[in-house]
Amino acid sequence: MKTIFSYALIFLLGTTTVFAQELALVRDNDLFGYINKTGEYAIQPQFEKADSFSGKMAAAMKDKKWGFINTSGEWVIQPEYDRVKEFNSGYALVMQNDQWKYINSKGETLDTPAREKYYDFDNGVAIIREGEKIGLMDTSGKAILEPKYDEIKGFNNGHAKFKNGETWGLLNTKGEVVVPADYNEIGDFSKNGIWARKGESFGVLINGTFTPINGVDKIWDFTNDSPLTYAESNKKIGFINGKGEWVIQPAYDKARAFNAGLAPVNENKKWGYINEKGEKVVNPMYADAEIFSENGLAPVKEKKLWGFVDKTGKLVIPMEYDISSGLFQSGTKKGFQDGLARVKKDKQWGFIDNTGKVLGKWHQNAEVFVDTSK
């Protein structure tokens with residue numbers, strides 16, 4: 001029995017490895033295709049236009065019409081649409097004959113009441129509008145929140161900002177109010193804290209109660225990567241915790257978020273790094289600096305080019321690249337993701353590993369890798 005179980009486990013692991021495929025959209029010779037993490041083409045460049053995968057499907061264009069392909073490059077939904085959005089929560093918005101509608105992965109239309117405007121699904125819900133008011137519907141096409149609010153932002157960590165009149169609160173994906181709309185501004189939801197502004201006072205929410213912080217002029221969003229976020233007081237930046245306490249006193253001109261235990265800070269027009277105790281780990285010496293990735297490397301800039309340093313400040317990849325978050329994937333972190341960094345050199349885009357070795361070859365353009373097994 002143990003032997004049979006062992007074989008079954010090996011088979012399961014092998015199967016998981018096969019299907020846990022990550023692909024990156026690339027453009028070569030003015031055509032779009034996809035590479036895998038060996039740098040080889042998983043789908044040869046052949047499309048007039050294409051988007052990154054969203055789960056197991058990606059939008060692609062043929063003969064000026066959009067459809068959807070699978071990870072083998074086969075058409076799952078034939079190219080017959082004038083415009084499309086990416087799949088999210090099992091549905092994608094598509095336009096045909098000047099009409100928008102939702103389709104599932106089989107190309108079947110989701111039955112929804114007629115709407116003035118259609119919005120992408122996000123975390124299993126989509127915005128619905130009636131006149132000047134908006135609500136939410138689920139993937140069955142039924143309203144879970146009748147239109148009653150003035151605005152609902154995108155979901156982060158299962159929560160979205162909503163506006164009722166002139167003030168803001170937070171909703172969950174069931175349309176339930178988590179934080180009442182009592183605030184002039186409110187931050188994204190995070191397990192590490194939520195900031196808000198009430199009148200002229202900035203503060204944090206502790207067990208749903210607003211706690212102002214004296215002298216604060218601005219607070220940036222908490223993330224799930226650190227118990228600290230940065231805040232401004234008297235034109236200087238420091239770091240507070242979810243209780244609204246100053247953990248690192250405001251002493252810097254600029255700052256970015258903590259990740260992997262370090263944060264970029266700017267002092268006298270130069271960037272360096274501090275730890276969560278406020279100790280300088282890398283002295284300010286760079287023209288620019290981004291957050292650390294989980295592999296312990298961060299992008300730093302001198303003049304116009306970027307390289308990468310480790311947590312001791314040692315330059316481990318020379319400054320000879322340009323970096324960006326990608327053309328089609330806004331909000332993507334710069335630097336390394338899952339062991340690879342998207343970089344540009346000599347007007348060509350590609351990926352390097354943590355030793356600076358180039359993955360495969362350079363491309364006209366390359367977007368970040370996406371897990372297609374989800």
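Definitions and limits used
Residues numbered from 1 in each chain as written. Predicted model: local features only at pLDDT ≥ 70, side-chain atom pairs only at ≥ 80, totals over all residues. Heavy atoms only, no water. Helix = DSSP H or I, 4+ residues; strand = E, 2+ residues; numbered from the N terminus. Buried < 20%, exposed > 50% of the residue type's maximum accessible area, 1.4 Å probe, protein only. Contact = heavy atoms within 4.5 Å. Pairing = 2+ DSSP bridges. Salt bridge = Lys/Arg side-chain N within 4 Å of Asp/Glu carboxyl O. Core = buried A, V, L, I, M, F, W, Y, C linked by side-chain atoms within 4.5 Å. pLDDT = per-residue confidence, 0-100.

1. Here we look at the environment of E22
No. 1: Note on placement: E22 falls in strand β1 (residues 22-28).
No. 2: For E22, a relative accessible area of 23% corresponds to the partly exposed category.
No. 3: C-alpha separation for the pair E22 and G55, spaced 33 residues apart in sequence, amounts to 9.8 Å.
No. 4: Leaving out residues up to four positions away in the same chain, E22 has contacts with I35, N36, K37, D338, F369, V370 and D371.

2. Here's the deal with the environment of E116
No. 1: Within the secondary structure, E116 is located in the loop between β9 (99-103) and β10 (121-122).
No. 2: Counting along the chain gives 14 residues from E116 to E130, while the straight-line C-alpha distance between them is 7.2 Å.
No. 3: Contacts of E116, omitting those with residues within four sequence positions, involve R129, E130 and G131.

3. A word on the sheet that holds strand β26 (residues 254-255)
No. 1: The 4 strands lie next to each other as β26-β27-β28-β29, forming an open sheet whose pairing is antiparallel. Two strands bound the open sheet, and with one partner strand each, they are β26 and β29 (280-286).
No. 2: Here 2 bridges tie β26 to strand β27 (residues 262-267), and the two strands are oriented antiparallel to one another. Across the sheet, residue A255 finds its bridge partner in β27, namely V265.

4. So, the pattern of salt bridges
No. 1: Enumeration over the complete set of coordinates arrives at 14 salt bridges.
No. 2: One salt bridge in this structure joins K361 and D28, with 4.0 Å as the shortest N-O distance. Highlighted residues: K361 in the loop between β36 (348-352) and β37 (365-366) and D28 in strand β1, separated in sequence by 333 residues.
No. 3: Its relative accessible area of 41% is what places K361 among the partly exposed residues.
No. 4: Exposure remark for D28: the relative accessible area of 7% places this residue in the buried category.

5. Describing the pairing of β29
No. 1: With 3 bridges connecting them, strand β28 (residues 270-275) and β29 associate as antiparallel partners. Bridging across to β29, I274 finds its partner in K280.
No. 2: Hairpin connection from β28 to β29: 4 residues lie between these consecutive antiparallel strands, with G278 at a positive phi of about 90°.

6. Here's the deal with the nonpolar core
No. 1: With 13 residues, the main nonpolar core has I127, L136, L145, I152, F162 and L171 as its most contacted residues.
No. 2: For this core, the secondary-structure elements that each account for two or more residues are β11 (125-130), β12 (133-138), β13 (143-149), β14 (151-156) and β15 (159-164).
No. 3: Every residue in contact with F162, bar those within four places of it in the chain, is listed here: Y149, E151, I152, T167, W168, G169, L170, L171, V177, V179 and A181.

7. Things to note about the sheet that holds β9
No. 1: Judged by pairing direction, the sheet is antiparallel, and its 3 strands sit side by side in the order β7-β8-β9 without closing on themselves. Two strands in the sheet have a free side with no partner beyond their single neighbour: β7 (83-84) and β9.
No. 2: In this structure, strand β8 (residues 92-96) lies alongside β9, joined through 5 bridges in antiparallel fashion. When the sheet's bridge partners are listed, Q96 is paired in β9 with Q99.

8. Description of the confidence of the model for the protein
No. 1: With 93% of its residues at a pLDDT of 70 or more, the protein shows a mean pLDDT of 92.
No. 2: Residue range residues 326-331 is modelled with pLDDT below 50. Its contacts to residues more than four positions away, or to other chains, number 13 contacts.

9. Description of unusual backbone geometry
No. 1: Of note, N29 is a non-glycine position whose phi angle comes to about 50°, a positive value.
No. 2: For N29, the position within the fold is in the loop between β1 and β2 (31-35).
No. 3: Look at N29 and you get exposed, because its relative accessible area is 72%.
No. 4: Unlike most non-glycine residues, D338 shows phi in positive territory, near 55°.
No. 5: By secondary structure assignment, the location of D338 is in the loop between β34 (336-337) and β35 (340-345).
No. 6: The exposure class assigned to D338 is exposed, which follows from its relative accessible area of 63%.

10. A closer look at the pairing of strand β33 (residues 315-323)
No. 1: Across 3 bridges, strand β32 (residues 305-309) lies against β33 in antiparallel orientation. Its bridge partner being in β33, V309 is matched across the sheet by L315.
No. 2: In sequence, β32 turns back onto β33 through a hairpin of 5 residues, with G313 there showing a positive phi of about 95°.
No. 3: Inspection of the sheet shows β33 paired to β35 by 2 bridges, in the antiparallel sense. Its bridge partner being in β35, I323 is matched across the sheet by V343.

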